[in-house]
Each structure stands twice: as C-alpha cells, then as structure tokens.
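Observations on chain architecture
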Amino acid sequence: MQTPDLFDTAGDRHRLGPGAVVLRGFALPFVDELLSALAGIEAAAPFRHMVTPGGFTMSVALTNCGVLGWTTDRRGYRYSATDPDSGQPWPAMPAAFARLASEAALAAGFAGFEPDACLVNRYQPGVRLSLHQDKDERDYDAPIVSVSLGMPATFLFGGLARTDPTAKVPLAHGDVVVWGGADRLRYHGVAPLKDTPHPLLGSRRINLTFRKAG
Ligand code: MD3
Ligand code: FE
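This report concerns the structure included in the present document. (Residues numbered from 1 in each chain as written. Chains lettered and ligands numbered in written order. Predicted model: local features only at pLDDT ≥ 70, side-chain atom pairs only at ≥ 80, totals over all residues. Heavy atoms only, no water.)

Concerning the sheet that holds strand β8 (residues 129-132)
Just so we agree on the cut-off: Strand pairing is assigned whenever DSSP detects at least two bridges linking the two strands. We count a stretch as a helix when DSSP gives it H or I for four or more residues in a row; a strand needs E for two or more, and each element gets its number in order from the N terminus. Helix axes use the C-alpha atoms of the stretch in contact, all axes being lines fitted to C-alpha atoms, and the angles between their N-to-C directions lie in the range 0 to 180 degrees.
With antiparallel pairing, the 4 strands of this open sheet are ordered in space as β8-β13-β10-β11. Sheet topology places β8 and β11 (167-171) at the edges, where each strand pairs with a single neighbour. In this sheet, neighbouring strand axes are inclined to one another by 20 degrees on average, regardless of whether the strands run parallel or antiparallel.

Here you go:
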C-alpha cells in the first residue's frame, strides 16, 4: 500500500523524509551510457552471490565498481579495494556513473558528492533484500544515491529501529533516490520481486548505490 500523505510532491520529486528524495526518471537520459558501462563492469567483475556472516547466501547477486567495493563473507561485512574472487582492484567508476550520482545528489540538496564506491545489485524474480541499515561506510554525513534500472520493485522504507513500521515506495526504471541527513540510517529493504519483464533488461532489476565509503 502506498502512503501518499507521506509524500511532499513537486513535479518529478517526492520527499520521503527530511533527507530522502525520490527523483522520478532522473536517470533516464543516462540509461544507454549506464548499460554499456555496466557490461564492461560485469565482464571484469561478474555478479556473484555472497555469504553473510550468519552463513546465508544472499539472493541478491552483486558486484562493484570504484576504488572500494562492498563485500560480505563469514568474517563480516566490509569495504575492500579488491574483488575477493579475482584479487584484482574493482573496475573503475565509469564517468557517466560518477556524473549521474553527483548531479542527483545536487538536485536533492547535497552539493559536492564524490562517491568512491558503487555497489551494483542484481535482482531476478523472487529475489528480496531484507530490512537492514547501511552502516559500513566511514562517514554518515555523505548521502547514498540509488539508481533503479529494469523491472520495478517495491522499496521498504522503515525507521531507526528494525521494528518500526515500513512505508512501501514503488521504484521504476530510471528512478533515483537520494538518502542522507536524518534518513541516512533508516532501516530499508526490497520486497520479493515480481516477474514483470522490462523491454531493455528482461526479467532483471539492477540497482546502483553510490556511496562515500572510505
Ligand atoms: C535508505 N539496496 O544495497 S538502495 C543496499 O534496491 C540497498 O538494491 C537497495 O539497500 C536496492 O544496501 C535499495 C536504497 C537505499 C540505500 C541506502 C539507504 C535506501 C536507503 C540508506 C538509508 C535509508
Ligand atoms: Fe541498503
């Protein structure tokens, strides 16, 4: 269920909280560049299913680009300069990725955002991301910018405690969300994906999250 009274709407932006803004379709002009750059990233650092410290294999497949990449294994969550599968540095952040992230942050009121990490998540039908906080970054003052591509998803936006109620926010191809300030540490997740194939990406959803990790 959507909760429209939560949203302060002006054109293509929806405010979800004091530091959280949805920019509908903001990434659409970048999509061709993003997808061709993504093909290069996937070739160098293929998507894989990582294991959580609790021993569960994530249903979301992930890879990274940028100076730092987010990883998890039995020993914990961390950012690493190298891909644990190859031992090589993660692929460089493509210029189009960095430009989109910085322009979206600026549009949401965060000037000078220069991410050093981009986590790339891949969802297929049935895949979900359970409620969590993003706490592995050094600096919570920087926002996180998230870009949705491909199949639509229902994003779950909670509070500062795991048991707080969650709002459901539909996210479509080209939508960008900027999360910062007071909303930076809110619990969030993604509901199990329905199979509604997308013309460009088929039965996949790709989410790019840009972070200042180091
Ligand atoms: C809200 N990914 O990779 S990005 C993640 O669609 C992650 O793949 C989701 O959560 C996805 O960690 C959602 C949106 C997001 C990212 C960080 C947040 C929402 C956030 C931090 C605070 C509040
Ligand atoms: Fe997250």
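Let us keep going from here.
Re the layout of surface pockets
Quick note on the threshold: A 1.4 Å probe that fits but cannot get out identifies a cavity on a 1 Å grid over protein atoms alone, an open set with protein on both sides within 12 Å along at least five of seven lines counts as a pocket, and a residue lines either if it has an atom within 4 Å of a point. Grid points are joined across faces, edges and corners, and a volume is the space filled by probe spheres set on the points. Note on residue categories: nonpolar means Ala, Val, Leu, Ile, Met, Phe, Trp, Tyr, Cys or Pro, charged means Asp, Glu, Lys or Arg, and polar means any other residue, Gly included.
Of the voids in this model, the largest pocket is the one considered here, and its volume is about 890 Å³. Lining of the largest pocket is provided by 40 residues; of these, Leu129, Ser130, His132, Gln133 and Asp134 occupy positions nearest its centre. Of all the elements in the fold, those that place two or more residues in the lining of the largest pocket are β7 (117-123), β8, β9 (144-150), β10 (153-157), β13 (188-190) and β14 (205-211). Of the residues assigned to the lining of the largest pocket, the class counts are 17 nonpolar, 12 polar and 11 charged. By volume, the second largest pocket is sized at about 150 Å³. What lines the second largest pocket is simply Pro152, Ala153, Thr154, Ala191, Pro192, Leu193, Lys194 and Thr196. Split by residue class, the lining of the second largest pocket holds 5 nonpolar, 2 polar and 1 charged.

Section: the pattern of salt bridges
Short version of the rule: For salt bridges, the criterion is a side-chain nitrogen of Lys or Arg within 4 Å of an Asp or Glu carboxyl oxygen. Partly exposed describes any residue whose relative accessible area lies between the buried limit of under 20% and the exposed limit of over 50%, with all areas from a 1.4 Å probe on protein chains only and scaled to the type maximum.
With the rule as written, the count across this model stands at 11 salt bridges. For Glu33, the salt bridge identified is with Arg99, shortest N-O distance 3.4 Å. Here Glu33, found in helix α1 (residues 31-44), pairs with Arg99, found in helix α2 (residues 95-107); they are 66 residues apart in sequence, far enough to count as distant. The partly exposed category is assigned to Glu33, whose relative accessible area is 37%. Taking relative accessible area as the criterion, Arg99 reaches 37% and is therefore assigned partly exposed. Between Asp83 and Arg48 there is a salt bridge, and its shortest N-O distance comes to 2.8 Å. Placement of the pair is Asp83 in the loop between β6 (76-80) and α2 and Arg48 in the loop between α1 and β4 (61-66), with a sequence separation of 35 residues. There is no split in this pair, since Asp83 and Arg48 are both buried. If you follow the salt bridges from partner to partner, you end up with Asp134, Glu137, Arg184 and Arg211 in one network.

Section: α2
Condition: Multiplying 1.5 Å by the residue count of a helix minus one yields the expected span of that helix. Arc definition: directions from the helix axis to the C-beta atoms.
Over its 13 residues, α2 runs 18 Å from end to end, which matches the ideal 18 Å to within 8%, given 1.5 Å per residue. All of the buried residues in α2 are Ala96, Phe97, Leu100, Ala101, Ala104 and Ala105. For α2, the angular spread of buried residues about the axis comes to 160 degrees, placing them on one side. For α2, the exposed residues set more than 90 degrees away from the buried face come down to Ala95 and Leu106. Immediately downstream of α2, the backbone of Gly109 shows phi near 100 degrees, a positive value.

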